[in-house]
Amino acid sequence: LWVYSEDIMPAEDGAPIILGSDDSNNIGLYVKKSGSDLIFSYKWGNSNTTVDNFNSGLIIPREDPVFLAATITAAEAKLYIFKLDGTVQTATHTVSPGVHSNKSMTQIVLGARNAGAAPRLFGIYNIVRIYNAALSQSQLQNVFEVTNRF
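Each chain carries its own residue numbering, running from 1 in the direction its sequence is written. In view of the model being predicted, local features appear only for residues whose pLDDT reaches at least 70, and side-chain atom pairs are presented and counted only at 80 or more, with totals across whole chains, interfaces and linings using the full set of residues. Working from all heavy atoms in the structure, the side-chain values ignore hydrogens and water.

Peer 1: How would you explain the overall build of the protein chain if you had to name every residue and give the values?
Peer 2: When its secondary structure is counted, the protein chain shows 1 helix and 10 strands. Under the DSSP-based scheme used, a helix requires at least four consecutive residues in state H or I and a strand at least two consecutive residues in state E, with every element numbered from the N terminus. Starting at the N terminus and ending at the C terminus, the protein chain contains elements arranged as β-β-β-β-β-β-β-β-β-β-α. Counting every position in the protein chain, which comprises 150 residues, the buried fraction comes to 43%. Contacts in the protein chain between residues far apart in sequence, at least 24 positions, make up 51% of those at least 6 positions apart. Total accessible area on the protein chain stands at roughly 7,500 Å², and carbon and sulfur atoms take up 47% of it. Using a 1.4 Å probe on the protein chains alone, a residue whose accessible area is under 20% of its type maximum counts as buried, one over 50% counts as exposed, and one in between counts as partly exposed. Residues are treated as being in contact if the distance between any of their heavy atoms lies within 4.5 Å. Calculation of accessible area relied on Shrake-Rupley with a 1.4 Å probe; when residues are assessed, cover is drawn exclusively from the protein chains displayed.

Peer 1: Account for the environment of H93, with residues named and values stated.
Peer 2: When you line up the elements, H93 lands in strand β8 (residues 88-94). As for H93 and A75, which are separated by 18 residues in sequence, their C-alpha atoms are 8.7 Å apart. Side-chain polar atoms of H93 contact the side chain of Y42, separated by 2.9 Å. Two N or O atoms form a polar contact when they lie within 3.5 Å of each other; inside protein one atom must be a possible hydrogen donor and the other a possible acceptor, and for residues adjacent in sequence the pair counts only when both atoms belong to side chains.

Peer 1: How would you explain the pairing of β8 if you had to name every residue and give the values?
Peer 2: With 7 bridges joining them, strand β7 (residues 76-83) and β8 adopt antiparallel strand pairing. Residue F82 lies in a different strand from β8, and its bridge partner there is V88. The hairpin formed by β7 and β8 contains 4 residues between the paired strands, and G86 there has a positive phi angle of roughly 95°. Any two strands between which DSSP finds at least two bridges are classified as paired.

Peer 1: Requested: an account of the nonpolar core, with residues and values cited.
Peer 2: To define a nonpolar core, start from buried Ala, Val, Leu, Ile, Met, Phe, Trp, Tyr and Cys residues and group those joined through side-chain atoms within 4.5 Å. Counting residues in hydrophobic clusters, the biggest one holds 21 residues, and the most contacted among them are F40, Y42, I60 and L68. At the level of secondary structure, the elements contributing two or more residues to this core comprise β2 (15-21), β3 (26-34), β4 (37-44), β5 (51-59), β6 (65-72) and β7. In terms of residue count, the dominant contributor to this core is β4 (4 residues). With residues up to four places along the chain from it excluded, the contact list for F40 reads I17, L29, Y30, F54, S56, L58, I60, L68, A69, L79, Y80 and I81.

Peer 1: A description of the environment of L29 should follow, citing residues and the corresponding values.
Peer 2: Mapped onto the fold, L29 is located in strand β3. With relative accessibility at 11%, the residue L29 sits in the buried group. With 41 residues separating them in the primary sequence, L29 and A70 have C-alpha atoms 8.0 Å apart.

Dropping the structure here:
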């Protein structure tokens, strides 16, 4: 998912970038606000046994477009920020067994909590891709290189 963060403006803390729902749980990628910084995070469900807006500490830079990616497996979630200068930042969140299981998206929404809802995140998105398998960092690097139009 390419985003141009100079134009990203979350309407609230925990604003969704891309969000799916399995009809009872919100799952997806979010932006958390920390002062003037935008922190890349993710959410996996709504209850205390799930991940509620994991704070990765990864700051989305405002000066250039970036490629954001996440891989979620049964054991961990890994968030990535690929920058135009070739650097990659990562954050890994290890979870207890079962936390990332039994979730499937029945709808996918960009920038809002659900279909028809008011936007919570305003900005430019480009080349959104969802895979049914967790890609490796080298595979994500390839997607970054092939889709880089900047």
